[in-house]
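Structural features, examined
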Amino acid sequence: MIALAEVVQRFKGLLEQRYADQLLPGHRRALQAIEQCRQLSQDALTAQCPDCHYQLQLPRSCGHRSCPRCQQRDSQVWIDRQLRKRLPVEYFMITFTLPAQLRQLAWRHQRVVY
């Protein structure tokens, strides 16, 4: 299975080229964290066997809230907690689309709009 980090590494340049004026700082930080997640670097952890002294380099996780590698467990815990809160009734999901005239405004002010 392809990791999200590989997708980011492969297409980040094209994404930034095409949407440079629309990418928010938070999006850029998420892309950078996911791209570097669990990559061997200078600050990797070193584990050593006390008996045979074999050493192993362990890459650090980014811990970013958008990283599926780092947040998989937390996401599953959250989903389980939400499922326990459900009432014994039927649920329906309603989706709506903002009119085209409001989309740029919503994109630039996501915290307020959403």
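Just so we're clear, the structure is a prediction, and the values are computed from it rather than from any experiment. (Residues numbered from 1 in each chain as written. Predicted model: local features only at pLDDT ≥ 70, side-chain atom pairs only at ≥ 80, totals over all residues. Heavy atoms only, no water.)

Description of the side chain of Lys 12
Relative to the assigned elements, Lys 12 resides in helix α1 (residues 4–19). Ignoring anything within four residues of it in the chain, the contact list for Lys 12 reads Val 7, Leu 31, Gln 32 and Glu 35. (Helix = DSSP H or I, 4+ residues; strand = E, 2+ residues; numbered from the N terminus. Contact = heavy atoms within 4.5 Å.)

What to know about the layout of surface pockets
In this structure, the largest pocket occupies an estimated 280 Å³ of space. In this structure, the largest pocket is lined by Leu 24, Gly 26, His 27, Arg 29, Ala 30, His 64, Arg 65, Ser 66, Gln 110 and Arg 111. Among the elements that line the lining of the largest pocket, the one with the most residues is helix α2 (residues 25–36), at four residues. Looking at side-chain class alone, the lining of the largest pocket contains two nonpolar, five polar and three charged residues. (1 Å grid on protein atoms, 1.4 Å probe; cavity = no way out; pocket = protein on both sides within 12 Å on 5 of 7 lines; lining within 4 Å. Points joined across faces, edges and corners; volume = space filled by probe spheres on them. Nonpolar A, V, L, I, M, F, W, Y, C, P; charged D, E, K, R; others polar.)

Some remarks on the nonpolar core
Ranked by size, the top nonpolar core spans six residues in total: Val 8, Leu 31, Ile 34, Cys 37, Cys 67 and Cys 70. Setting aside chain neighbours within four positions, we find Cys 70 in contact with Cys 37, Arg 38, Ser 61, Cys 62, Gly 63 and His 64. (Core = buried A, V, L, I, M, F, W, Y, C linked by side-chain atoms within 4.5 Å. Buried < 20%, exposed > 50% of the residue type's maximum accessible area, 1.4 Å probe, protein only.)

Some words on a nonpolar patch on the surface
A cluster of nonpolar side chains, namely Leu 4, Val 7, Phe 11 and Leu 14, defines an oily patch on the protein surface of about 330 Å² accessible area. Within the fold, Leu 4 resides in helix α1. (Patch = residues over 30% accessible without salt bridge, like charges linked within 9 Å, V, L, I, M, F, W, Y side chains within 5 Å. Areas by Shrake-Rupley, 256 points an atom, 1.4 Å probe, with all protein chains shown as cover. Salt bridge = Lys/Arg side-chain N within 4 Å of Asp/Glu carboxyl O.)

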